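Report on the structure
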Amino acid sequence: MAGYRKLGRTSSQRKALLRNQVTNLLYHGKIVTTEAKAKEIRKIAEHMIAMAVREKDNYETVTVTAKVPQKDKDGKRVKEVVDGKKVTVFDTVDKEVRREAPSRLHARRQMNKMLYGITEVPSTTAGRRKGTKKVDIASKLFDEIAPKYENRKGGYTRIVKIGPRKGDAAMEVVIELV
């Protein structure tokens, strides 16, 4: 008996399908899919959320001194001439930076191995690069999703049947974060 459902696909297609659906589940909070796919998605998503809950507070905040280039009113770097060469002028600034523990870093890398990157495109400037931003789903897991489930011992997703699909009568379900 197999440990997973094959979903009528090759291993690479199956892996891509599950990665895509898990990413969208964690990004949107719920998706509509077939029952067999939802049961496979649930395994992966629950594992990701459990990792995020376990490593949620496993970091320390460190103050770092950084060199930042000075900018003029137009947003261009300020340059001065030193020994006949143009050199950028820098300011020193103290920044607060999160330093992750090794176990949290490992969890983040495991998540990124399974999740796809998402690029948000605003509807007003659709089709243009300006205004787009990359969403880090692993950070969303640590910062938004994990705090909701810190007192819960599993069961982070819910599958609700919504009836057979019209074309092939496959049972459709909504899988959502509880």
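Below you will find a few notes about this structure. (Residues numbered from 1 in each chain as written. Predicted model: local features only at pLDDT ≥ 70, side-chain atom pairs only at ≥ 80, totals over all residues. Heavy atoms only, no water.)

**Brief notes about the pattern of salt bridges**
This structure, assessed with the given rule, holds 14 salt bridges. Between Asp57 and Lys56 there is a salt bridge, and its shortest N-O distance comes to 2.8 Å. Its relative accessible area of 57% is what places Asp57 among the exposed residues. Its relative accessible area of 11% is what places Lys56 among the buried residues. Lys56 serves as the salt-bridge partner of Glu150, at 3.0 Å between the closest nitrogen and oxygen. One end of the pair, Glu150, is in the loop between α4 (137-148) and β8 (157-164); the other, Lys56, is in the loop between α2 (35-54) and β2 (59-69), and 94 residues separate them in sequence. Of the residues examined, Glu150 reaches a relative accessible area of 43% and is grouped as partly exposed. If you follow the salt bridges from partner to partner, you end up with Glu100, Arg104, Arg108 and Asp136 in one network. (Salt bridge = Lys/Arg side-chain N within 4 Å of Asp/Glu carboxyl O. Buried < 20%, exposed > 50% of the residue type's maximum accessible area, 1.4 Å probe, protein only. Helix = DSSP H or I, 4+ residues; strand = E, 2+ residues; numbered from the N terminus.)

**Some points on the packing of aromatic side chains**
Summed over the entire model, instances satisfying the criterion amount to one aromatic pair. Here Arg19 stacks its cationic end above the ring of Tyr116, 4.0 Å away from the centre of that ring. Sitting above the plane of the Phe142 ring, Arg104 keeps its charged end 4.1 Å from the centroid. (Phe/Tyr/Trp six-rings, centres within 6.5 Å; stacked < 30°, edge-to-face > 60°. Lys NZ or Arg CZ within 6 Å of the ring centre and 35° of its normal.)

**Quick notes on the nonpolar core**
With 33 residues, the main nonpolar core has Leu26, Met48, Ile49, Met111, Leu115 and Leu141 as its most contacted residues. For this core, the secondary structure elements donating two or more residues are α1 (11-28), α2, α3 (102-114), α4 and β9 (171-177). If one sorts the elements of this core by residue count, α2 sits on top with nine residues. Those residues in contact with Met111 that sit more than four places away from it in its chain are Met48, Met51, Ala52, Ala138, Leu141 and Phe142. (Core = buried A, V, L, I, M, F, W, Y, C linked by side-chain atoms within 4.5 Å. Contact = heavy atoms within 4.5 Å.)

**Focus on the sheet that holds strand β1 (residues 30-34)**
Here three strands make up an open sheet; going across it, the order is β1-β9-β8 and the pairing antiparallel. Edge positions in the open sheet fall to β1 and β8, since each of these has one partner strand only. Across the sheet, the axes of successive neighbouring strands diverge by a mean angle of 25°, strand direction being ignored. In terms of strand pairing, β8 meets β9 through seven bridges, oriented antiparallel. Within the sheet, the bridge partner assigned to Thr157 lies in β9 and is Leu177. Running at roughly 145° to β1, α1 makes contact with β1, β8 and β9 of the sheet. (Pairing = 2+ DSSP bridges. Axes fitted to C-alpha atoms, helices over the stretch in contact; angles between N-to-C directions.)

Interpretation note: all reported values are geometric properties and have no functional meaning in isolation.
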